[in-house]
Amino acid sequence: MSIAATALRARFRSRRTLNFTESVIREMTRLAGHYGAVNLAQGYPDFPAPEVLKRAAADAIAADINQYSITWGAKPFRDAIAAKYRAWYGIDFDPEREITVCCGATEGMIASLLAVLDPGDEVVLFEPFYENYNPDTQLCGAEARYVALNAPGWRFDPDELRRAFTPRTKAIILNSPNNPTGKVFSREELEFIGGLCQEFDALAITDEIYEHILYDGAVHVPILSIPGMRERSILVNSMSKTYSVTGWRVGWVLAPPDLTDSIRKVHDFLTVGAASPLQAAGTVALGLGAEYYSALATEYAARRDHIVSTLTAAGFGCFVPRGAYYVMTDISRFGFPDDVAFVRYLIETLGIAAVPGSSFFCHPKAGAQNVRFCFCKKYETLEKARHQFTKLSLR
């Protein structure tokens, strides 16, 4: 295509897409495949999902549960979601008016934002942030206001957070346990955030997909359980991380009836509904006992300790996570100009894929000496990475 033709094509590029790129995380996975690298970039397990879930999905397909479910989710699955939150957190949700099943937490988040935001609204984001939140905000025509989570403990400055709230603030997005840092927000922090939401008449939109992946005594507290927050919170979650089925794309959104009404409208015209047989399998998953979740956390804690040991021995500065399955690292000792150059070196020379830390920041320079690794992998994979890291040397 000629330069002139390319210029003409620019008229078909919407302004809402101009200020963000494709997913850096998914790009790293493609590069890992191209170079045959160990993929410690994208957060999906390379080990099997629980056998009971796979059997349940296969049984549902064999039983001809293969057509549309009710748009906002099959009734048995919505009932199972409500039962789980009642059992774990003592919170009641009406399956008919407060639960929307969607195609993963990714759709749940954008559907929620599209349902509540108008152009010109402001959204508060903690950074480093999961890379979807920034483009999600821009797709809604809203403006992001950033508040730093400061290493090594990834704590925010209460005064800075207060300054980020204005009369235009419609919502704050909260991810706990956090990707990429592994931070688990404390009840005290959530109470402060909730107080600001009430003072400024804003919503808390929470991504809680790592709720059961916790270490060192950390406790997950949904912000909607904080006094005054039940009616101004939207909780997004999915099966992906807890049940090792990231490719199933089955999630849910919990919200008060008036917000759910708007979210369901957006969800309906985005995707119609999540896969029916996988919702049936989800009903089985959400019925698993407490021992499943205890074992999950224990197993991931061992993997965390394995990779932290590997990275520390190789010369990385590690920010040990208290939740989720990622380790954010400091690469300044290696002498590379920035994180992108370092990750390219890891992939092309050492055969290890990771994610440049700058992709989790509004201003790339803020993360230019950080790299994120994931450890939701088989021990064989982690051991292979350990062997490859022995070839890494300080400059």
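In the block above lies the structure referred to throughout.
The structure presented is a predicted model; accordingly, all values stated were derived computationally and were not measured.

J.: Tell me about the sheet that holds strand β5 (residues 169-175), and name the residues and values.
T.: On the basis of which strands lie adjacent, the open sheet formed by 7 strands has the order β2-β8-β7-β6-β5-β3-β4 and mixed pairing. Bordering the open sheet on either side are β2 (99-102) and β4 (143-148), each of which pairs with just one other strand. For this sheet, the mean inter-axis angle between neighbouring strands, taken without regard to orientation, is 20°. Strand direction decides the pairing type here: strand β7 (residues 233-238) and strand β8 (residues 251-254), joined by 4 bridges, are antiparallel. Bridged to L235 within β8 is L254. Against the sheet, helix α8 (residues 187-199) engages β3 (122-127), β5 and β6 (203-207), with an angle of about 165° to β5.

J.: Explain helix α3 (residues 51-62) residue by residue, including any values.
T.: The α-helix winds at 3.6 residues per turn, so residues separated by three or four positions along the chain end up facing the same way. Over its 12 residues, α3 runs 16 Å from end to end, which matches the ideal 16 Å to within 8%, given 1.5 Å per residue. L53, A56, A57 and A60 are the residues of α3 that are buried. With its buried residues spanning 100° around the axis, α3 presents them on a single face. Of the exposed residues in α3, those oriented more than 90 degrees away from the buried face are D59 and A62. Buried residues in α3 make contact with α10 (276-285).

J.: Please give an account of the packing of aromatic side chains that cites residues and values.
T.: The tally for this structure, following the rule as stated, stands at 29 aromatic pairs. Between W88 and Y293, the ring centres sit 5.1 Å apart and the planes meet at 80°, which makes this aromatic pair edge-to-face. Remark: Y293 occurs in helix α11 (residues 290-314) and W88 occurs in helix α4 (residues 75-89); sequence separation between them is 205 residues. Classification of W88 as partly exposed rests on a relative accessible area of 37%. Judged by relative accessible area, which is 3%, Y293 ranks as buried. Residues Y210 and Y325 carry aromatic rings whose centres are separated by 5.5 Å and whose planes lie at 80° to one another, so their mutual orientation is edge-to-face. Highlighted residues: Y210 in the loop between β6 and β7 and Y325 in the loop between β9 (317-319) and β10 (326-330), separated in sequence by 115 residues. Classification of Y210 by relative accessible area gives buried; the value is 2%. Members of the aromatic cluster, connected to one another through ring pairs, are F316, F334, F336, F342, Y345, F373 and F389. Across from the ring centre of Y293, 5.4 Å away, lies the NZ or CZ of K84, which sits over that ring.

J.: Describe the pairing of β6, and please don't skip the residues or the numbers.
T.: Taken across its 5 residues, β6 has 5 buried, putting it largely inside the fold. Side chains L203, I205 and D207 project from β6 onto one buried face, and the interleaved A204 and T206 project onto a second face that is buried too. Both β5 and β6 contribute to a ladder of 5 bridges, which runs parallel. Across the sheet, I172 pairs through a bridge with A204, a residue of β6. Taken together, β5, α8 and β6 constitute a β-α-β crossover, and its handedness is right-handed. Here 4 bridges tie β6 to β7, and the two strands are oriented parallel to one another. Directly across from D207, in β7, lies its bridge partner V236.

J.: Outline the packing of α11 against helix α13 (residues 379-389), supporting the account with residue identities and numerical values.
T.: Put simply, α11 and α13 touch, their axes get as near as 9 Å, and they point 5° apart. Judged by the inter-axis angle, α11 sits roughly parallel to α13. Residues E299, A302, R303, H306, I307, S309, T310, L311 and A314 of α11 form the contact with α13, whose participating residues are Y379, L382, E383, R386 and F389.

J.: Break down the pattern of salt bridges for me, with residues and values.
T.: In a structure, side chains of opposite charge can pair up when their charged atoms sit close to one another. Scanning the model with the defined rule gives 20 salt bridges in all. Across the salt bridge formed by K75 and E96, the nearest N and O atoms sit 3.8 Å from each other. Of this pair, K75 sits in helix α4 while E96 sits in the loop between α4 and β2; the two residues are 21 residues apart in sequence, bridging distant segments of the chain. Overall, E96 belongs to the partly exposed group, its relative accessible area being 36%. Of the charged contacts, one joins R86 and D92 as a salt bridge, the two residues approaching to 2.7 Å between their closest N and O atoms. According to the relative accessible area criterion, R86 is partly exposed, its value standing at 43%. According to the relative accessible area criterion, D92 is partly exposed, its value standing at 49%. Connected through salt bridges with shared partners, the residues K75, R78, D79 and E96 form a single ionic network.

Rules of the game
- Residues numbered from 1 in each chain as written.
- Predicted model: local features only at pLDDT ≥ 70, side-chain atom pairs only at ≥ 80, totals over all residues.
- Heavy atoms only, no water.
- Pairing = 2+ DSSP bridges.
- Helix = DSSP H or I, 4+ residues; strand = E, 2+ residues; numbered from the N terminus.
- Axes fitted to C-alpha atoms, helices over the stretch in contact; angles between N-to-C directions.
- Contact = heavy atoms within 4.5 Å.
- Expected span 1.5 Å × (residues − 1).
- Buried < 20%, exposed > 50% of the residue type's maximum accessible area, 1.4 Å probe, protein only.
- Arc of directions from axis to C-beta.
- Phe/Tyr/Trp six-rings, centres within 6.5 Å; stacked < 30°, edge-to-face > 60°.
- Lys NZ or Arg CZ within 6 Å of the ring centre and 35° of its normal.
- Right-handed = clockwise from strand over helix to strand, strands pointing away.
- Parallel < 35°, antiparallel > 145°, perpendicular 65-115°, else oblique.
- Salt bridge = Lys/Arg side-chain N within 4 Å of Asp/Glu carboxyl O.

Read these as layout, nothing more, since geometry by itself doesn't imply function.
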